[in-house]
Amino acid sequence: MDMLESVKMAVKTLTANKMRSTLTMLGIIIGNASVITMVGVGQGAQRYASEQFESLGPNVLFIIPGSDDARSNSFDLPRNLTLEDAEAIANQVPSVEAVAAQLQTQQNVTYRNRTANTLVLGTTPEFTTVRSFDVERGRFFTDSDVQRNTRVAALGSELAEKLFGTANPIGEQIRIRNVSFQVIAVMQEKGAFLGNNQDDTVIIPLTTMSNRVTGNTSPYGTEVTVISATARDEASVNAAQFQISNLLRLRHKVTTQDDFVVRTQKDALTIVGNVTGALTLMLAAIAGISLFVGGIGIMNIMLVSVRERTQEIGLRKAIGASRQDILVQFIIEATILAAIGGVVGTAIGIGGVTLIGATTPLKAGVSTTAVILAVGVSGTIGLFFGVFPARQAAKLDPIVALRSA
Amino acid sequence: MTQPIIRLEDISKIYGSGNTEVRALLDVNLVVEPGEYCAIMGPSGSGKSTAMNVIGCLDRPTSGRYYLDGVDVAGLSDTELAHVRNRKIGFVFQQFHLLPQLTAMENVMLPMVYAGISYNERRQRAEEALTRVGLANRLSNKPTQLSGGQQQRVAIARAIVNRPVMLLADEPTGALDSQTTQEVMAIFAELNTSGITVVMVTHEPDVARLTRRIVWFRDGQVVHSHLAPSELSQTAVFS
């Protein structure tokens, strides 16, 4: 019997049991759609995070407090990074162009009767250079503002709109934790960074922040949350990393493990890649399980179908079907179910990924590998899980099969 | 001299072993010549069904030789037996065994699918076979849309469509009323007249009487073989 006849026959049987065929395919459809969607989302997250870090520029370095142990074991990082450290880096590390120390906290910001809970960021004037974040209106604060603890503030564009609407905020007084600040600048729109809205923020001099808002300084000096720096050029990033590390080891009198870490953009990209890669793998594995379960569903239905059709199998054998004919017939039925389920599932998966890509910041995209893998795997699953029931069918004794009522 | 269609030589079929041994057939010798119309009768447990299965190549004898159309089929593999069933034997069953999802036409075409015959020839031959059993106007009906007698006629068309050397019918009228029994038996008689060998297992003496030879089984052995009354009195089956 040739293949075309077998396929025609299988299609006839499957269409005669539409409900059952559809339900069987559902498992494969869901499995396939979820593999493609999950891999798409995972890779989208990966791309999104990578682009965020790439947008910082290749020259950026971050200095974060805490030893490797502290960072992996505790949420409560030591507050041993100071404004003085940042100044030392700026003054003594030749490969560094600009340094901005940052101290941040969440606070209520009030203008007249309007209040917004927002991120308050204390930093130095170099922040605008290091993070390529410029003012839209007014002027950013200067070194002398930092030295004199001036109560001036630059508003993120979104916060400015929240508090002032269309009115001009420059020169107005706002209150941060009951300390009044004069608005001197509104920043350009910057967008979100890793889910943090950088426009819903208020930026003030680091010293003012430290003395008046957070009100605490660490025993080491003026505490900062993170220090950002830029190297002179891309080639000197590694040199800068090395020199900053050495300087801070000296300043912190480190003898064993570093109590800080210097990360380059490349480091950050690697870490993000590892994390999101693991995430993608996990999502794919979960989706893969549902694909596998779909395969078991096919096997289950095919086994039921063999039981149900013992008479048909017996008859076919009596009129001349060989074991192989029966085997091929059942395998083809299973494979067709899996293949159609695979194609429909892929279509739904592609639809899902496109929808997620269009409605969320995740740069979700259809991965060709995922599609090939999902379709290939579902086809194989049909074949694999179809073989066992098909063998059961082929083994049936025609006499017994014909007698069974 | 022509080859017998069936030649059973000392055929035995034994199920189980030791104390539970069941001797379904014991040294059966039987010859059926081409063109015969033969009924196998006997009480239940007499071995007639087992004999039928052996003759139909659905089951292998434990010992003995079975020549079907001159070929020793005892030593054939499963696949070869499937081929023999496909080409040399046409089966008719008590319960018709038509596939419900297929039309009459498609049911009749099925054996030719396994024989690897082209679609056009399959259509043509199936139509001829269905016309021969008087169902030319029921080609595209599904089994559920046909009466019992019509379903059995579709099954007969399916049995003859591959031009087998013999028709093997297992209680073909067991599920039919007396009126349709007569119709179906008339078809068998007509097919036999046209030269097809027919072997039929039945327990209905009225049915057996319409054949030309009756073979009696008892306790796994052929105990008696004689011409049917119709042959003796020379009355036509079509009366």
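Residues numbered from 1 in each chain as written. Chains lettered and ligands numbered in written order. Predicted model: local features only at pLDDT ≥ 70, side-chain atom pairs only at ≥ 80, totals over all residues. Heavy atoms only, no water.

Caption draft 1: Just the sheet that holds strand 1 (residues 6-15) of chain B, in detail. Residue and element names in this part refer to chain B. Taken in spatial order, the four strands make up an open sheet running 2-1-4-5, and their pairing is antiparallel. With one partner strand each, in any of the chains shown, strand 2 (22-32) and strand 5 (71-72) form the two edges of the open sheet. Most of the contacts of helix 1 (residues 48-55) go to strand 1, to which it runs at about 120°, and overall it touches strand 1, strand 2 and strand 4 (63-68). (Pairing = 2+ DSSP bridges. Helix = DSSP H or I, 4+ residues; strand = E, 2+ residues; numbered from the N terminus. Contact = heavy atoms within 4.5 Å. Axes fitted to C-alpha atoms, helices over the stretch in contact; angles between N-to-C directions.)

Caption draft 2: Molecular detail of the interface of chain B and chain A. Contacts between the two partners involve 22 residues from chain B, matched on the other side by 24 residues from chain A. Both faces combined, the contact of chain B with chain A buries some 2,100 Å², and carbon together with sulfur accounts for 61% of it. Looking only at chain B, the three residues that lose the most surface to chain A are His97(B), Gln101(B) and Tyr114(B), adding up to 31% of its buried area. Run the count over chain B and chain A and you get three salt bridges. Here Asp78(B) and Arg323(A) are joined by a salt bridge, their closest N and O atoms 3.1 Å apart. Our enumeration of links across chain B and chain A arrives at eight residue pairs in polar contact (both at pLDDT 80 or more). (Buried area = accessible area lost by both parts, 1.4 Å probe. Salt bridge = Lys/Arg side-chain N within 4 Å of Asp/Glu carboxyl O. Polar contact = N/O pair within 3.5 Å; in protein donor to acceptor, adjacent residues only side chain to side chain.)

Caption draft 3: Summary view of the pattern of salt bridges. Residue and element names in this part refer to chain A. Evaluated as defined, the whole model comprises 22 salt bridges over all chains. For Arg 249, the salt bridge is made with Asp 258, and the minimal N-O distance between the two is 2.7 Å. Residue Arg 249 is classed as partly exposed on the basis of its relative accessible area, which comes to 32%. The shortest N-O distance in the salt bridge between Arg 309 and Glu 312 comes to 3.0 Å. We note that Arg 309, like Glu 312, is buried. A cluster of three or more residues bridged by salt bridges with shared partners is formed by Arg 309, Glu 312, Arg 316 and Glu 333. (Buried < 20%, exposed > 50% of the residue type's maximum accessible area, 1.4 Å probe, protein only.)

Caption draft 4: Up close: the nonpolar core. Ranked by internal contacts, the top residues of the largest apolar core, which has 75 residues, are Ile6(B), Tyr66(B), Leu68(B) and Met166(B). Residues contacting Met166(B), with those up to four places away along its chain left out, are Ile5(B), Ile6(B), Ile55(B), Tyr66(B), Leu68(B), Lys88(B), Ile89(B), Gly90(B), Thr197(B) and Val199(B). Counting 44 residues, the second largest nonpolar core, distinct from the first, contains Val96(A), Leu163(A), Ile176(A) and Val224(A). (Core = buried A, V, L, I, M, F, W, Y, C linked by side-chain atoms within 4.5 Å.)

Caption draft 5: Seen up close, the pairing of strand 7 (residues 179-187) of chain A. All names here are of chain A. Counted residue by residue, strand 7 has seven buried out of nine residues, so it is predominantly covered. Sheet topology places strand 4 (residues 135-138) next to strand 7; three bridges connect them, and they run antiparallel. Bridge pairing links Gly 138 to Ala 185 in strand 7. The pairing of strand 5 (residues 152-155) with strand 7 spans four bridges and is classified as parallel. Opposite Leu 155, over in strand 7, you have Val 186 as the bridge partner. Note that strand 6 (residues 173-176) and strand 7 share four bridges and pair antiparallel. Bridge pairing in strand 7 links Arg 175 to Ser 180.

Caption draft 6: Representation of unusual backbone geometry in the model. Residue Ser132(A) is not a glycine yet carries a positive backbone phi of 45°. Position of Ser132(A) among the secondary structure elements: in the loop between helix 5 (127-130) and strand 4. A positive phi angle is found at Asp10(B), which is not glycine, with a value near 50°. Note on placement: Asp10(B) falls in strand 1. A relative accessible area of 42% places Asp10(B) in the partly exposed class.

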